[in-house]
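# Remarks on the overall topology
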Amino acid sequence: MMKNFDKCMEMLLHHEGGFTADKRDKGNANGGSTNLGVTSAVWADWTGSHAGHNVMKSLTPEDVKPLYKHNYWDRVKGDSELLYSGLDWALFDWAVNSGSGRAAKSIQRIVGVEADGGIGNITLTAINDFDVKELLDKLHYSRQSFYESLDDFQYFGNGWTRRNNETLEQALEMID
């Protein structure tokens, strides 16, 4: 829901944290870095300019907010009045963490529509045939299963699991 974007951004930035150049993080390949959850490759693509460590270290929440809105929130249809409050947050957080297509395909499989990775009217209508708590539980399970299938779960699994659990708790609190 449109009214939730700012609140969801605040929660997202808490999850994403600050600057890192952890070489085990695939988002930091080729000497890249991440700040506020945005990788140097994503930032360079967004701005059309090189994004070295100094550029990445200087990013602010206001700098990255339009990128998150366009690349993730809008792609999961976060502003749609047909999307439950709370489910918007769960989809947005997973989209940021693992790609909007993955989050979209998961919810599409859950509601029984073609999993094409693009949330549209068919998906949104199908979502409304389900109880939001049921959807959140199933999305949480799907997300956790995905994480546990990854080779680097041994390094990042505790953090991903904590994030997934926190997202579910927060999403349940947001239900209207």
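My aim in this report is to walk through the structure given alongside it, one point at a time. (Residues numbered from 1 in each chain as written. Predicted model: local features only at pLDDT ≥ 70, side-chain atom pairs only at ≥ 80, totals over all residues. Heavy atoms only, no water.)

This brings us to the pattern of salt bridges. For the structure on display, the rule yields nine salt bridges. Among the ionic pairs, R163 bridges to E16, the shortest N-O distance being 2.8 Å. With R163 in helix α9 (residues 153–174) and E16 in helix α1 (residues 5–16), the pair connects residues that are 147 residues apart, well separated along the chain. Here R163 falls in the buried class, since its relative accessible area comes to 5%. Notably, a salt bridge pairs E166 with R162, separated by 3.4 Å at the nearest N-O pair. With E166 and R162 both in helix α9, this residue pair falls four residues apart, about one helical turn. Owing to a relative accessible area of 22%, E166 belongs among the partly exposed residues under this scheme. Here the residues in one salt-bridge network are E16, D93, R143 and R163, joined through shared partners. (Salt bridge = Lys/Arg side-chain N within 4 Å of Asp/Glu carboxyl O. Helix = DSSP H or I, 4+ residues; strand = E, 2+ residues; numbered from the N terminus. Buried < 20%, exposed > 50% of the residue type's maximum accessible area, 1.4 Å probe, protein only.)

Looking now at the nonpolar core. Membership of the largest hydrophobic core comes to 48 residues, with the highest contact counts inside it found for Y68, L87, L91, F92 and I107. When residues of this core are traced back to their parent elements, those giving at least two are α1, α4 (61–73), α5 (87–98), α6 (100–111), α7 (121–127), α8 (132–148) and α9. Element by element, the count of residues in this core is highest for α5, at eight residues. Here Y68 is in contact with M9, L12, L13, E16, L36, G37, V38, W73, F92 and V96, once residues within four sequence places are set aside. (Core = buried A, V, L, I, M, F, W, Y, C linked by side-chain atoms within 4.5 Å. Contact = heavy atoms within 4.5 Å.)

Scanning all chains against the criterion turns up 12 aromatic pairs. With a centroid separation of 5.2 Å and 85° between ring planes, the pair formed by W73 and F92 is classed as edge-to-face. Within this pair, whereas W73 is found in helix α4, its partner F92 is found in helix α5, the two being separated by 19 residues in sequence. Overall, the relative accessible area of 0% leaves F92 in the buried class. Among the aromatic residues, ring-to-ring pairing joins W94, F146, Y147, F153, Y155, F156 and W160 into one connected group. The cationic tip of K69 hangs over the ring face of F5; the distance from NZ or CZ to the ring centre is 6.0 Å. (Phe/Tyr/Trp six-rings, centres within 6.5 Å; stacked < 30°, edge-to-face > 60°. Lys NZ or Arg CZ within 6 Å of the ring centre and 35° of its normal.)

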